[in-house]
Structure formats: C-alpha cells, structure tokens
Amino acid sequence: MNNTEIPELVSALVQAWNAHDPDRVAGFHAPEYEGRDIAQVRPEIGPEGARQAFCRFLKAFPDLELIPDDLLTQGDRAVLLWRLCGTHRGPLLRIPPSGRWIEFTGVSMFEIHGNRVVRRFTLWDLAGVLREIGLLPALPEE
C-alpha cells in the first residue's frame, strides 16, 4: 500500500466504527490479524477477534463516535490519534454502566498489508475513563 491508500483505509475503518457495523469492522482485518489493547488480557485474533472487541465497545457505548484527530503514515504503518465519546450504557471492563456521557483519547498503531490490518496496538486513557465514570477522583486543578 502507498501513503495515499492507507489514510483512505483508516478513514473507512473509522466510518465503519461510527456506522456501528461489526461486519464492516471485521472486514478490514486479515485472517492473521493480531490486535493488542492496553485494557485486554488476551490479543484479538483474526476478523472475529476484531468484531468481538468492537462489539464490547458498542455494548458499553451504544451511541459511540470515534473522532480521528491525527493520522501519521510511513510505509505499511499508520498511527491514529483519536477520541471516543458516548454514553456509558453497558459494562466496560466489568464496570457497570454509569449512564454518563464520556469522552476519552487514545492512539492506535496499525500495520497494513494487502488492504487489511494485520496488526494493531492500542493505548487509551483508561484512568481518564475511570475519572469520567466516577470511579477515580478528578485531578486537582492547579
């Protein structure tokens, strides 16, 4: 893939998330896909693993919106800085729904071959999520 195709693929993947379409999300991932997430014990494997991970977020935030803030590409790799917002209406990491609208940031690093994601690593502001849900105290203002 070249540097013009990767942004299009990442944009289409973001659109699939925002359409709340698990089948489309899964379709962007290669059979050999392995996804790592800071908050998951085990990696996501294959398109079905990507689908299940997406569905967990969709269950937690049925109105989720993934907002891309910046995208860097080099060769077959892309780094996406993003924000996710939505109402916490389902369990997240075994945390019961709070009913709160939250927004948090994260970064996902992708490796892409043959128009499919083969590897992803995601870091997101889990402490910020816990603060917004009400499980951690707010940071003091200085």
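To be clear, the structure that these remarks concern was listed above.
Residues numbered from 1 in each chain as written. Predicted model: local features only at pLDDT ≥ 70, side-chain atom pairs only at ≥ 80, totals over all residues. Heavy atoms only, no water.

Engineer: Tell me about the nonpolar core, and please be specific about residues and values.
Structural biologist: Trp17, Phe57, Phe61, Leu84 and Phe104 are the most contacted members of the largest nonpolar core, which totals 32 residues. Of all the elements in the fold, those that place two or more residues in this core are α1 (5-18), α3 (46-60), β4 (77-87), β5 (101-113), β6 (116-124) and α4 (126-133). (Core = buried A, V, L, I, M, F, W, Y, C linked by side-chain atoms within 4.5 Å. Buried < 20%, exposed > 50% of the residue type's maximum accessible area, 1.4 Å probe, protein only. Helix = DSSP H or I, 4+ residues; strand = E, 2+ residues; numbered from the N terminus.)

Engineer: Break down the pairing of β5 for me, citing the residues and quoting the values.
Structural biologist: Relative to β5, β4 runs antiparallel, the two being bridged by eleven bridges. Each bridged residue has a counterpart across the sheet, and for Cys85 the counterpart in β5 is Glu103. One ladder, built from eight bridges, connects β5 with β6; its direction is antiparallel. Opposite His113, over in β6, you have Arg116 as the bridge partner. In sequence, β5 turns back onto β6 through a hairpin of two residues, with Gly114 there showing a positive phi of about 55°. (Pairing = 2+ DSSP bridges.)

Engineer: Just give me the short version of the pairing of β4, but keep the residues and values in it.
Structural biologist: Pairing between strand β3 (residues 65-74) and β4: nine bridges, direction antiparallel. Within β4, the residue paired with Leu66 across the bridge is Leu84. Where β3 folds back onto β4 in an antiparallel hairpin, the turn is made up of two residues, including Gly75, whose phi is positive at roughly 60°.

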